[in-house]
Amino acid sequence: WGSRSPFKIDTYALGVTLQLTLLGEDGGRRRDVNKKGPMMLPLHISEAENMEMLGHLRDNGRLSREAHDLLVDHLLCYDQRKRRCLSDPKVQGHPFFLRELGCSDLQDFLLSRGKGSCSSGETSLMQWVLPSRSSSKTLAKALDSPKTKKGRSSMVSRSSRS
């Protein structure tokens with residue numbers, strides 16, 4: 001890997017995934033992919049353009065301040081020296097994760113098997129995220145829904161309403 005850290009590549013991948021999940025078509029592009037169906041794909045823009053876009057979305061109330069901080073200052077830095085690892089306490093203890101997931105310990109929440117510390121009653125991230133056994137059909141329907149097309153707006157703006 002040379003000077004490229006696979007852990008920081010994972011961090012960047014999570015940042016891109018989070019941006020697409022939170023913002024939908026405001027932060028990515030929806031495409032029908034052959035043999036896969038509808039998918040959200042990242043925009044092909046520079047780091048500066050992406051940071052500017054995220055700043056505008058934050059200023060317009062589309063992206064919470066916490067989500068913006070997590071993406072811009074921790075996950076999506078192109079320069080790996082500035083990007084944090086997912087194991088960094090500043091990432092794991094970031095207010096965005098703790099508030100949106102309703103937990104006090106992100107690691108416990110992500111890795112627990114029915115003993116999570118979430119105030120929302122969820123027992124683990126996998127149960128919160130994964131659909132039932134008909135996941136491919138459920139996911140395809142979810143991607144077609146207007147809510148997904150515009151992103152997870154309830155998660156994005158919940159903290160900005162408080």
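Residues numbered from 1 in each chain as written. Predicted model: local features only at pLDDT ≥ 70, side-chain atom pairs only at ≥ 80, totals over all residues. Heavy atoms only, no water.

**What to know about the overall build of the protein chain**
Looking only at helices and strands, the protein chain has 10 helices and 2 strands in total. Partitioning the intrachain contacts of the protein chain with sequence separation of at least 6 by distance along the chain shows that 54% fall at a separation of at least 24. When the accessible surface of the protein chain is totalled, it reaches about 10,000 Å², and 54% of it is carbon and sulfur. (Helix = DSSP H or I, 4+ residues; strand = E, 2+ residues; numbered from the N terminus. Contact = heavy atoms within 4.5 Å. Areas by Shrake-Rupley, 256 points an atom, 1.4 Å probe, with all protein chains shown as cover.)

**A look at the nonpolar core**
Nonpolar side chains tend to gather and get buried jointly when the protein is soluble and globular. Of all hydrophobic cores here, the largest spans 24 residues; its most connected members are L18, L22, L54, L63, L71, F96 and F97. Residue contacts for F97: discarding those within four places in its chain leaves L14, L70, V91, G102, C103 and L106. (Core = buried A, V, L, I, M, F, W, Y, C linked by side-chain atoms within 4.5 Å. Buried < 20%, exposed > 50% of the residue type's maximum accessible area, 1.4 Å probe, protein only.)

**With respect to unusual backbone geometry**
The phi dihedral of K35 is positive, around 65°, even though this residue is not glycine. Along the chain, K35 turns up in the loop between strand 1 (28–33) and strand 2 (37–42).

**Points about the pairing of strand 2**
For strand 1 and strand 2, the ladder comprises 6 bridges, and the chain directions are antiparallel. Residue pairing for strand 2: G28 is matched across the bridge by P42. Between the end of strand 1 and the start of strand 2, which pair antiparallel, lie 3 residues, with K35 showing a positive phi angle near 65°. (Pairing = 2+ DSSP bridges.)

**Let's talk about the environment of L54**
As for its placement among the helices and strands, L54 is situated in helix 2 (residues 47–59). By relative accessible area, L54 is classed as buried at 0%. L54 sits 31 residues away from L23 along the chain, and the two C-alpha atoms are 9.5 Å apart. Once residues within four sequence positions are removed from consideration, L54 is found in contact with Q19, L23, L63, H68, L71, V72 and L76.

**Details of helix 3 (residues 65–75)**
Among the 11 residues that make up helix 3, 8 are buried, leaving the element largely enclosed by the rest of the structure. Along helix 3, the residues classified as buried are E66, A67, H68, L70, L71, V72, H74 and L75.

**A look at the environment of M51**
Locating M51 in the fold gives a position in helix 2. When the C-alpha positions of M51 and L71 are compared, they lie 8.9 Å apart, and in sequence the two are 20 residues distant. Setting aside anything within four residues of it in sequence, one finds M51 in contact with V72 and L76.

**Quick notes on the pattern of salt bridges**
With the rule as written, the count across this model stands at 5 salt bridges. Here D59 ties to R58 by a salt bridge, and the two come within 3.0 Å at their closest N and O atoms. The class for R58 is partly exposed, based on a relative accessible area of 21%. One salt bridge in this structure joins R84 and D88, with 3.2 Å as the shortest N-O distance. (Salt bridge = Lys/Arg side-chain N within 4 Å of Asp/Glu carboxyl O.)

**Thoughts on the side chain of R62**
Among the secondary structure elements, R62 is positioned in the loop between helix 2 and helix 3. One polar contact links the side chain of R62 to the main-chain carbonyl oxygen of L23, over a distance of 3.2 Å. (Polar contact = N/O pair within 3.5 Å; in protein donor to acceptor, adjacent residues only side chain to side chain.)

**A word on helix 2**
In a regular helix each residue adds 1.5 Å, so 13 residues correspond to 18 Å; helix 2 covers 18 Å between its end C-alpha atoms and thus fits that length. Along helix 2, the residues classified as buried are N50, M51, M53, L54, G55 and L57. Turning to helix 2, the residues buried within the fold contact helix 1 (6–23) and helix 3. G61 sits one or two residues past helix 2 and shows a positive phi near 80°. (Expected span 1.5 Å × (residues − 1).)

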